[in-house]
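Next come the chains, spelled out residue by residue.
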Amino acid sequence: MSKSTHQMVQMDRRQALKVAGAGVLAMGFATAAHATPEDAAMAISKLGGSAKADSAKITIDLPEIAENGATVPVNVTVDSPMTAADHVKHIHVFAEGNPSPEVISFNLTPSTGKADVGTRMRLGKTQNVVVAAVMSDGSVHVNKKEVKVTIGGCGG
Amino acid sequence: MANQPRVKLPKTAKSGELVQVKTLASHDMETGNRKDKEGKAIPRLILKKFSCTLGGAEIFGADMHPAVSANPYITFYIKAEKSGSYVFTWTDDNGEVTTVSQDMAVS
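Treat the numbers as computed from the prediction; the structure is a model and nothing was measured. (Residues numbered from 1 in each chain as written. Chains lettered and ligands numbered in written order. Predicted model: local features only at pLDDT ≥ 70, side-chain atom pairs only at ≥ 80, totals over all residues. Heavy atoms only, no water.)

Trainee: Summarise the overall build of chain B; cite the residues concerned and give the values.
Mentor: Counting secondary structure elements, chain B contains zero helices and eight strands. Reading the helices (α) and strands (β) of chain B from amino to carboxyl end gives β-β-β-β-β-β-β-β. The long-range share in chain B, meaning contacts at least 24 apart out of those at least 6 apart in sequence, stands at 58%. Here chain B holds 14 positive side-chain charges and 12 negative ones, and the gap between their average locations is 5 Å. (Helix = DSSP H or I, 4+ residues; strand = E, 2+ residues; numbered from the N terminus. Contact = heavy atoms within 4.5 Å. Lys, Arg positive; Asp, Glu negative; His and termini not counted. Charge placed at Lys NZ, Arg CZ, Asp CG, Glu CD.)

Trainee: Please set out the interface of chain B and chain A residue by residue, giving values where relevant.
Mentor: Taken together, the contacts link 29 residues of chain B with 28 residues of chain A. Approximately 2,400 Å² of surface area, both sides summed, lies buried where chain B meets chain A, with 49% of it carried by carbon and sulfur atoms. At the junction of chain B and chain A, the tally comes to zero salt bridges. If you look at where chain B meets chain A, you find 17 residue pairs in polar contact (both at pLDDT 80 or more). Taken together, the elements giving at least two residues each to the side of chain B that touches chain A come down to strand E3 (18–24), strand E5 (57–64) and strand E6 (73–79) of chain B. Grouping the amino acids of the side of chain B that touches chain A by side-chain chemistry returns 16 nonpolar, six polar and seven charged. Across five bridges, strand E6 (residues 102–108) of chain A lies against E5 of chain B in antiparallel orientation. When the bridges of E5 of chain B are listed, Ser 105 of chain A appears paired with Asp 63 of chain B. (Buried area = accessible area lost by both parts, 1.4 Å probe. Salt bridge = Lys/Arg side-chain N within 4 Å of Asp/Glu carboxyl O. Polar contact = N/O pair within 3.5 Å; in protein donor to acceptor, adjacent residues only side chain to side chain. Nonpolar A, V, L, I, M, F, W, Y, C, P; charged D, E, K, R; others polar. Pairing = 2+ DSSP bridges.)

Trainee: Explain the nonpolar core to me, using residue names and the numbers behind them.
Mentor: Counting 55 residues, the largest nonpolar core has Phe 106 of chain A together with Phe 60, Phe 76 and Phe 88 of chain B as the members making the most contacts within it. Once residues lying within four places of it in the same chain are set aside, the contact partners of Phe 76 of chain B are Asp 116 and Val 117 of chain A together with Val 19, Gln 20, Val 21, Thr 23, Phe 50, Cys 52, Phe 60 and Phe 88 of chain B. Within the second largest apolar cluster, nine residues are counted, among which are Ala 40, Val 130, Ala 132 and Val 142 of chain A. (Core = buried A, V, L, I, M, F, W, Y, C linked by side-chain atoms within 4.5 Å. Buried < 20%, exposed > 50% of the residue type's maximum accessible area, 1.4 Å probe, protein only.)

Trainee: I'd like a description of the sheet that holds E6 of chain B, backed by residues and values.
Mentor: Strands pair in a sheet through their backbones, by hydrogen bonds, and they do so in one of two ways: parallel or antiparallel. Pairing is antiparallel across the open sheet formed by six strands, whose spatial order is E2(A)-E4(A)-E7(A)-E6(B)-E3(B)-E1(B). A strand with exactly one partner marks an edge of an open sheet, and here the two such strands are strand E2 (58–61) of chain A together with strand E1 (6–8) of chain B. When the angles between neighbouring strand axes are averaged without regard to direction, this sheet yields 15 degrees. Examined bridge by bridge, E2 of chain A and strand E4 (residues 72–78) of chain A share four bridges and lie antiparallel to one another. Its bridge partner being in E4 of chain A, Ile 58 of chain A is matched across the sheet by Val 78 of chain A. (Axes fitted to C-alpha atoms, helices over the stretch in contact; angles between N-to-C directions.)

Trainee: Outline the packing of aromatic side chains, supporting the account with residue identities and numerical values.
Mentor: If you walk through the whole model with that rule in mind, you get five aromatic pairs over all chains. Note on Phe 106 of chain A and Phe 60 of chain B: the rings are 5.9 Å apart at their centroids and 35 degrees apart in plane angle, and the pair reads as tilted. Pair noted here: Phe 106 of chain A is in strand E6 and Phe 60 of chain B is in strand E5, and the two residues belong to different chains. The residues Phe 106 of chain A and Phe 60 of chain B share a single accessibility class, namely buried. Here a set of aromatic residues connected by ring pairs shows up, and it is made of Phe 106 of chain A together with Phe 50, Phe 60, Phe 76 and Trp 90 of chain B. When the ring centre of Tyr 77 of chain B is taken as origin, the NZ or CZ atom of Lys 114 of chain A, which lies over that ring, is 4.3 Å away. Positioned above the aromatic ring of Tyr 73 of chain B, the side-chain terminus of Arg 120 of chain A is 4.2 Å from the ring centre. (Phe/Tyr/Trp six-rings, centres within 6.5 Å; stacked < 30°, edge-to-face > 60°. Lys NZ or Arg CZ within 6 Å of the ring centre and 35° of its normal.)

Written as structure tokens, this is what we have:
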């Protein structure tokens, strides 16, 4: 008898969790269907330091027109000697117009030798891709580039 | 992971040489934004962490988000300093780890 009441309580708790989870999801969808340039700027401001915009240290290699938004190649190089005293610690890639701005964060060390990284990403629509590089002295460099996307790659 | 990830790392390198590493993992990178035919949300399942280590020390790593394409492709450089077994690991949302190791001789 006591066992069955215990099971009931467990069931209720599970259901309650499910309902709560669904509520959180719905809220997330309603408020943040797409990120905005402000969201990306917020994420960058959280990296600390005063971000230097349009930094010549960062080269972003992206196609001007991406026919398929599901796989857009991106390559980032940061001008740095990559020594123990002066190296790039992180390279963050943000997409201003995706459901959430974060794409990928690369973590580099002096053993990386060269700040030259590449990947393939999804882009939902034509937008700016923003790259932020965090240096070992804490300074942040930012640069961005626009990509025209013919077919979005975030699924429907 | 269905198939083992592929790693392209030279077998030999000169000391101090900068070598490019290319990695390709096989994964759907389900974003969590998509819905199935019945309109139910497909739960998110992505590879969220990648790392390259030598003797336990991390040389390079990456934190991935759903905006990384299916079958994540990552390229980077490493400075050839020590011979040894370079270990590449991918970790998914459920904590499942896939590991590939490859030797490089540095002369």
